[in-house]
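Residues per chain are reported as follows:
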Amino acid sequence: DVSVCCAQADASGDQGVTLKPIMETGLVAVISFAGRLSAIQHWMADEKLDALLVAHAPNVRYLSGHDGTAGLLVVLPESLHLLVDARYRESARQMLEAGRSPAGLTLHDVPDSYDAAVMGLLHAWGIQSVGVEADHLTVSRYQWFEQSGRVSGRKFEWHPVSGAVERGRLIK
């Protein structure tokens, strides 16, 4: 039973915050970062993915709070990792310190290439099965990931997925 925080007016018109199952409310829902992340992680478990690479800026913002125009997010079954380059390092650090991001979000610096940084982390974590946003990843970038895995000697299973994060974003 999924519960969310909903604004609901009583008979006097006063609004209060109540916790109700989403399917019973018919109201606009506000889902926390923790709820968003949990939903994606449950979906990943159902899909048997070790990681989900999120590159589309609105999806990165929805899951992490990072509102920069560049950044990558790696969702793991038990954690969340934001990769940013020097342009966004300070704003991402301030976002974490101010609590405008999910608890436990780990920030990673990208010295040169986002893609190379992601591959390095996936290697270090021993990831095998990776979901990638098919609707937001170019064919050439997808092929680079596949080739990089082969060159490094690691066998990655790349799984193009569509709409995984967007489905959650439909609930406002």
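Read on for an overview of the structure. All values derive from a computational prediction rather than experimental measurement. (Residues numbered from 1 in each chain as written. Predicted model: local features only at pLDDT ≥ 70, side-chain atom pairs only at ≥ 80, totals over all residues. Heavy atoms only, no water.)

Quick word on the overall build of the protein chain
In step 1: Helices and strands together make up the secondary structure of the protein chain, namely 7 helices and 9 strands.
In step 2: Sequence separation of at least 24 residues holds for 61% of the intrachain contacts in the protein chain that already meet a minimum separation of 6.
In step 3: Carbon and sulfur atoms provide 54% of the accessible area of the protein chain, an area that totals close to 9,500 Å². (Helix = DSSP H or I, 4+ residues; strand = E, 2+ residues; numbered from the N terminus. Contact = heavy atoms within 4.5 Å. Areas by Shrake-Rupley, 256 points an atom, 1.4 Å probe, with all protein chains shown as cover.)

Describing the pairing of strand β6 (residues 79-84)
In step 1: When you tally the buried positions in β6, you get 5 out of 6 residues, the bulk of the element.
In step 2: The pairing of strand β5 (residues 72-76) with β6 spans 5 bridges and is antiparallel. Within β6, the residue paired with L76 across the bridge is S79.
In step 3: With 4 bridges connecting them, β6 and strand β7 (residues 106-109) associate as parallel partners. By the bridge assignment for β7, H81 is matched with T106. (Buried < 20%, exposed > 50% of the residue type's maximum accessible area, 1.4 Å probe, protein only. Pairing = 2+ DSSP bridges.)

Things to note about the nonpolar core
In step 1: Among the nonpolar cores identified, the biggest contains 44 residues, and L52, V75, L83, L122 and W158 are the most heavily contacted of them.
In step 2: Broken down by element, the residue count for this core peaks at 6 residues, all from helix α5 (residues 114-125).
In step 3: Each residue touching L83, except ones within four places of it in the same chain, is listed here: G71, L72, V74, H108, V110, Y114, A117, V118 and L121. (Core = buried A, V, L, I, M, F, W, Y, C linked by side-chain atoms within 4.5 Å.)

Thoughts on the packing of aromatic side chains
In step 1: Across all of its chains, the model carries 3 aromatic pairs by this definition.
In step 2: An angle of 75° between the planes, with centres 5.5 Å apart, marks the rings of W144 and F145 as edge-to-face. (Phe/Tyr/Trp six-rings, centres within 6.5 Å; stacked < 30°, edge-to-face > 60°.)

Considerations on the pairing of β5
In step 1: Among the 5 residues that make up β5, 5 are buried, leaving the element largely enclosed by the rest of the structure.
In step 2: Of the two faces of β5, the one carrying L72, V74 and L76 and the one carrying L73 and V75 are both buried.
In step 3: Hairpin remark: β5 followed by β6, antiparallel, with 2 residues in the connecting loop.

As for the packing of helix α2 (residues 33-47) against helix α3 (residues 57-64)
In step 1: At their nearest, the axes of α2 and α3 sit 8 Å apart, and the two run at 115° to each other. Of the residues in α3, those touching α2 at F33, R36, L37 and I40 are R61, Y62, L63 and S64.
In step 2: In terms of residue class, the contact of α2 with α3 is made up of 5 nonpolar, 1 polar and 2 charged. (Axes fitted to C-alpha atoms, helices over the stretch in contact; angles between N-to-C directions. Nonpolar A, V, L, I, M, F, W, Y, C, P; charged D, E, K, R; others polar.)

Here's the deal with the sheet that holds strand β9 (residues 157-161)
In step 1: Strand order in this open sheet of 6 strands is β7-β6-β5-β4-β8-β9, and the pairing throughout is mixed. Every interior strand has two partners, whereas the edge strands, β7 and β9, have only one. Sheet twist, expressed as the mean angle between neighbouring strand axes with direction ignored, is 25°.
In step 2: Relative to strand β8 (residues 129-133), strand β4 (residues 51-54) runs parallel, the two being bridged by 3 bridges. In the sheet register, L53 faces β8, and the bridge partner there is V132.
In step 3: Those strands touched by α2 are β4, β5, β6 and β9, and its axis lies near 65° from that of β5.

Let's talk about α5
In step 1: Taking 1.5 Å of rise per residue, 12 residues should cover 16 Å, and α5 covers 17 Å from first to last C-alpha, within 8% of that figure.
In step 2: What α5 keeps buried is the set Y114, D115, A117, V118, M119, L121 and L122.
In step 3: After α5 finishes, the residue G126 shows a positive phi value of roughly 70°. (Expected span 1.5 Å × (residues − 1).)

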